[in-house]
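Examination of the molecular architecture
The lines below spell out each chain.
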Amino acid sequence: MIGTTTYLLIALAVLVSAALSYFFYNKQVRQHRYFWGLLLLRFFSILCVLLLLINPKYSTYTYTTQKPSLHLLLDNSTSIANLNQQAQMRELLNSIQSNSAITEQFDIHSYAFDKDMRPGDSLNFEGAQTDITSALESTTSINGQNNAAIILLSDGNQTYGRNYSYSTAGTKLPVFPVVLGDTTSFNDLQVSQLNVNRYAYYKNQFPVEAIITFKGKEDITSEFAIYSGDRKVYSEKVSMGPENTAKVIHANLDAVAPGIKKFRAVILPLEQERNKNNNTRNFAVEVIDQKKSVAIISSMNHPDIGALKRMIESSERHSVQTGKPANMLSSISDHQLCILYQPDASFRKIMDALKKEGVNYWIISGKDTDWNFINTVQSVFYKESGAGTEEVFGQPEINFSAFITEDPGFDDFPPLEIQLGDLVLQGDTDIMLMARIGNIVSVNPMLVIAEGSEGKTALLDGEGFWKWRSWSYVENGDFELFDTYFNRLIQYLASNQKKDRLTIQYDAFYDGDQPIGIRADYFDRNFSFDPNARVEINIKNEESGESRVYPMSLNGKTYEVDLSNLPAGNYDFTVGVPSENLYRKGKFTKLEFDVERQFLDPDLEDLNNLANRSGGSIFYPEQVQQLADTLLTRTQFKPIQRSTENVVPLIEWWWLLLGITFFLGMEWLLRKYNGLI
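Report follows, based on the coordinates. On a predicted model such as this, the values are computed, not experimentally measured, just so you know. (Residues numbered from 1 in each chain as written. Predicted model: local features only at pLDDT ≥ 70, side-chain atom pairs only at ≥ 80, totals over all residues. Heavy atoms only, no water.)

Notes on the overall build of the protein chain
The line we're drawing: Each helix is a run of H or I in the DSSP string that is no shorter than four residues. Each strand is a run of E no shorter than two, and both are numbered from the N terminus. C-alpha atoms define the radius of gyration in this analysis, and the globule rule sets the expected value at 2.2 Å times the number of residues to the power 0.38. Burial status follows relative accessibility: with a 1.4 Å probe on protein chains alone, a residue under 20% of its type maximum counts as buried, one over 50% as exposed, and anything between as partly exposed.
Counting its secondary structure elements, the protein chain contains 15 helices and 35 strands. The C-alpha atoms of the protein chain give 39 Å as radius of gyration, which overshoots the globular expectation for 677 residues (26 Å, by more than 25%). Along the first, second and third principal axes, the C-alpha atoms of the protein chain reach 130 × 80 × 50 Å. The burial tally for the protein chain puts 45% of its 677 residues in the buried class.

Some thoughts on the pairing of strand E17 (residues 337-341)
Heads up, the rule is: Note on handedness: a crossover is taken as right-handed if, strands pointing away from the viewer, the path from the first strand over the helix to the second is clockwise.
Of all 5 residues that make up E17, 5 are buried, and the element is covered over most of its length. Where the polypeptide runs from E17 across helix H9 (residues 348-357) and back to strand E18 (residues 360-365), its parallel neighbour, the crossover connection is right-handed.

Re helix H14 (residues 624-633)
Definition in use: Residues are treated as being in contact if the distance between any of their heavy atoms lies within 4.5 Å.
Those residues of H14 that fall on the buried side of the exposure criterion are Leu627, Ala628, Thr630, Leu631 and Leu632. On its buried face, H14 sits against strand E2 (69-75), helix H5 (100-105), strand E5 (149-154) and strand E6 (175-179).

What about a nonpolar patch on the surface?
We apply this condition: Like-charged residues within 9 Å of one another, or nonpolar side chains (Val, Leu, Ile, Met, Phe, Trp, Tyr) within 5 Å, are grouped into patches, provided each residue has over 30% relative accessible area and no salt bridge. Values of accessible area rely on a 1.4 Å probe in the Shrake-Rupley scheme; residue burial ignores everything except the protein chains shown. Salt bridges are counted wherever a side-chain nitrogen of Lys or Arg sits within 4 Å of a carboxyl oxygen of Asp or Glu.
Residues Leu52, Ile651, Trp653, Trp654, Trp655, Leu657 and Leu658 make up a contiguous nonpolar surface patch of about 700 Å² in total accessible area. It is helix H15 (residues 653-673) that provides the largest number of residues to the nonpolar patch, a total of 5 residues. Along the polypeptide, Leu658 turns up in helix H15.

With respect to the nonpolar core
Where we set the bar: Definition used in this section: a nonpolar core is a set of buried Ala, Val, Leu, Ile, Met, Phe, Trp, Tyr and Cys residues joined via side-chain atoms within 4.5 Å.
Core analysis: the biggest nonpolar cluster contains 39 residues, and Trp362 and Phe486 have the highest contact counts within it. With 7 residues, helix H12 (residues 480-493) is the single largest residue contributor to this core. Within the second largest apolar cluster, 26 residues are counted, among which are Leu189, Met240, Ala255 and Leu270.

Things to note about the environment of Ala13
By secondary structure assignment, the location of Ala13 is in helix H1 (residues 4-28). Looking at Ala13, the relative accessible area reads 4%, which means it is buried. With residues up to four places along the chain from it excluded, the contact list for Ala13 reads Leu47, Leu50 and Ile54.

Overview of the sheet that holds strand E31 (residues 553-555)
In plain terms, the rule: We treat two strands as partners when DSSP finds at least two bridges between them. Throughout, an axis means a line fitted to C-alpha atoms (over the contacting stretch in the case of helices), and angles, computed between N-to-C directions, take values from 0 to 180 degrees.
The strand order E26-E28-E32-E31 describes an open sheet built from 4 strands, whose pairing is antiparallel. Two strands in the sheet have a free side with no partner beyond their single neighbour: strand E26 (502-505) and E31. Averaged over all neighbouring strand pairs, the angle between strand axes comes to 35°, with direction disregarded. Strand direction decides the pairing type here: E31 and strand E32 (residues 558-562), joined by 3 bridges, are antiparallel. Note that in E32 the partner of Leu554 across the bridge is Tyr559.

Quick look at the packing of aromatic side chains
As a reminder, the rule being used: Each aromatic pair joins two rings of Phe, Tyr and Trp (for Trp, the six-membered one) with centres within 6.5 Å, and gets the label stacked for planes under 30 degrees apart, edge-to-face for over 60, and tilted for any other angle.
Taken as a whole and assessed by the stated rule, the structure comprises 24 aromatic pairs. Both rings, one in Phe413 and one in Trp468, keep their centres 5.8 Å apart while their planes meet at 45°; by these two values the pair is tilted. Linking Phe413 in the loop between strand E20 (389-396) and strand E21 (416-419) with Trp468 in helix H11 (residues 465-476), this pair joins segments that are 55 residues apart in sequence. The class of Phe413 is buried, set by a relative accessible area of 3%. On the basis of relative accessible area, Trp468 is assigned to the buried category, the value being 0%. A network of ring pairs unites the aromatic residues Trp362, Phe410, Phe413, Phe465, Trp468, Phe482, Tyr485 and Phe486 as a single cluster.

With respect to the pattern of salt bridges
In this structure the tally under the stated criterion is 12 salt bridges. Residue Glu536 is joined to Arg534 by a salt bridge in which the shortest nitrogen-to-oxygen separation is 2.9 Å. Assessed through its relative accessible area of 53%, Arg534 is described here as exposed. The salt bridge partner of Asp572 is Lys587, with a shortest N-O separation of 3.8 Å. Of the two residues, Asp572 sits in strand E33 (residues 569-577) while Lys587 sits in strand E34 (residues 582-590), which places them 15 residues apart along the sequence. A relative accessible area of 28% means that Asp572 is categorised as partly exposed. Here Lys587 falls in the exposed class, since its relative accessible area comes to 51%. Taken together, the salt bridges that share partners define one network made up of Glu542, Asp572 and Lys587.

Re the sheet that holds E34
Two orientations exist for strands paired in a sheet by backbone hydrogen bonds: parallel and antiparallel. Read across the sheet, 5 strands follow the order E27-E34-E33-E29-E30 without closing on themselves; strand pairing throughout is mixed. Among the strands making up the open sheet, the edge pair consists of strand E27 (509-510) and strand E30 (547-551). For strand E29 (residues 536-541) and E33, the ladder comprises 6 bridges, and the chain directions are antiparallel. By the bridge assignment, Lys540 is partnered in E33 with Asp572.

Here it is in structure tokens:
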């Protein structure tokens, strides 16, 4: 289609070309026999030039029909297999995909999901966890149109992520759940939750909190018990009913021996109870012989003291005591680590006692620190401090190699206050943080550790530790990352274990639904991190004797391996660097717990909430034809016709250039031949 304006411009170009051509040749060659030929050649030359400037275009339209999308979300978790719904799922899927009316009106896309999403043809019902919220959010994000629908084939039991029935992302498209599983209500007792600390201390008691839930329409009586092996260590009668569906039980157990102690919490099943898998939950506790004792010694009151104390107490492996130098002198030998906060001359006897008893120490300096005193009582850190103070930020040192660390976000932390002056290090030191002034990293370390014949020492040159901890809470919502970082430093300093080229990090036990990750750090003979080493781990199951070797992959500055797919059991492992003949051993326990086996019935309430909030409807397997009719009759799921405009030039520019060249050339030759030039 050519617009009216374009027609007018072309007509004007023709008139202008004709007028100019006639004006040019009318006086010169009016009586010449080639007058009209020359005039036409000049006319076409000028016309081509004007058309090149006007660049006339016309539009063509193509029309396409876009079908609405129909997304099929298929629950791929083991709960579908536990409810014997695999065949039902595949039958429903085939029924929807083979419905000619549905396929004619919709573009069908199928996805299998458990904790993650994958193509629909990968159904195997082996997913260990179910995240319906994530599946709904992912489907919404990949959908490019508003007239789409989601069919959710699931039992509605979610074991991971946020509750899908209240998620806003899941309501942007109408969701039509198809309920899988027997909706008949049966009596069911369940140990729905256990709350227990990971650590306990030898010869002490540790608390266990169990939450028992009941589904049913009659009053029942049962017994809750905790077993250690075959020995019952706790029991309590439990009475529940329709008006009393939850009960919290508190028990205190004895930590009778150090090591990993496994327990089994059991609510005795009812006679007619169908699902007995959720009547038992396993848990474990690591019984520690003693805590590492840490002393914080300071001659002043400062908010840093409180922040340090709370950070240390966040780890159940550590205990902490605070006091002034005179009060703490007699108990130096009772501690594995002493933190000396802004020491001055009053710390002289403390320093003498630390050297005599061989106790490790950590100096924290600030604007009131007596560096002349520090320089005389130890030889690792030396600072010729001048008048005045300055504020510095912490910059993680990438070559730190003493132990595994995870940056809690130092780039965003506020600055600490230090005394002016250069900090000089001597001996075997390892820098954790460098001092940064603005965006410039200085030559002075901020946090450094040292290891020598007299033990381990550390220095944090900066006052305002409390600001860092508070900022970490504001940024992350908790203190976990920050406290973990510095508790690893505490753990290192409180231990007399020497620096090692190969170190490993792991937990003594893992819950059944918890990821299992083992990390290792490897350093060459110069204690520089080696990113090119071949590090491997040999895992052996103690019960079966079966062993497998896995390569450990490099992630940043740490080698790690994910062993989450291991079955429950006790495992020995060896991490090694074969080329250097370096090996480190460990052991862990994976507790038996399958969260997907805890469900007997589909979650009708949440599925119904999801359908209502999203504008969909809930259906059952026998109502698949009604589901199809609903989708076909809703006006919002009609195909959309879209038009695409394609604008192209009326005459290609190179044709016009060729025409200009041709007409001007012919005109010149004709005039030259006839002596008109």
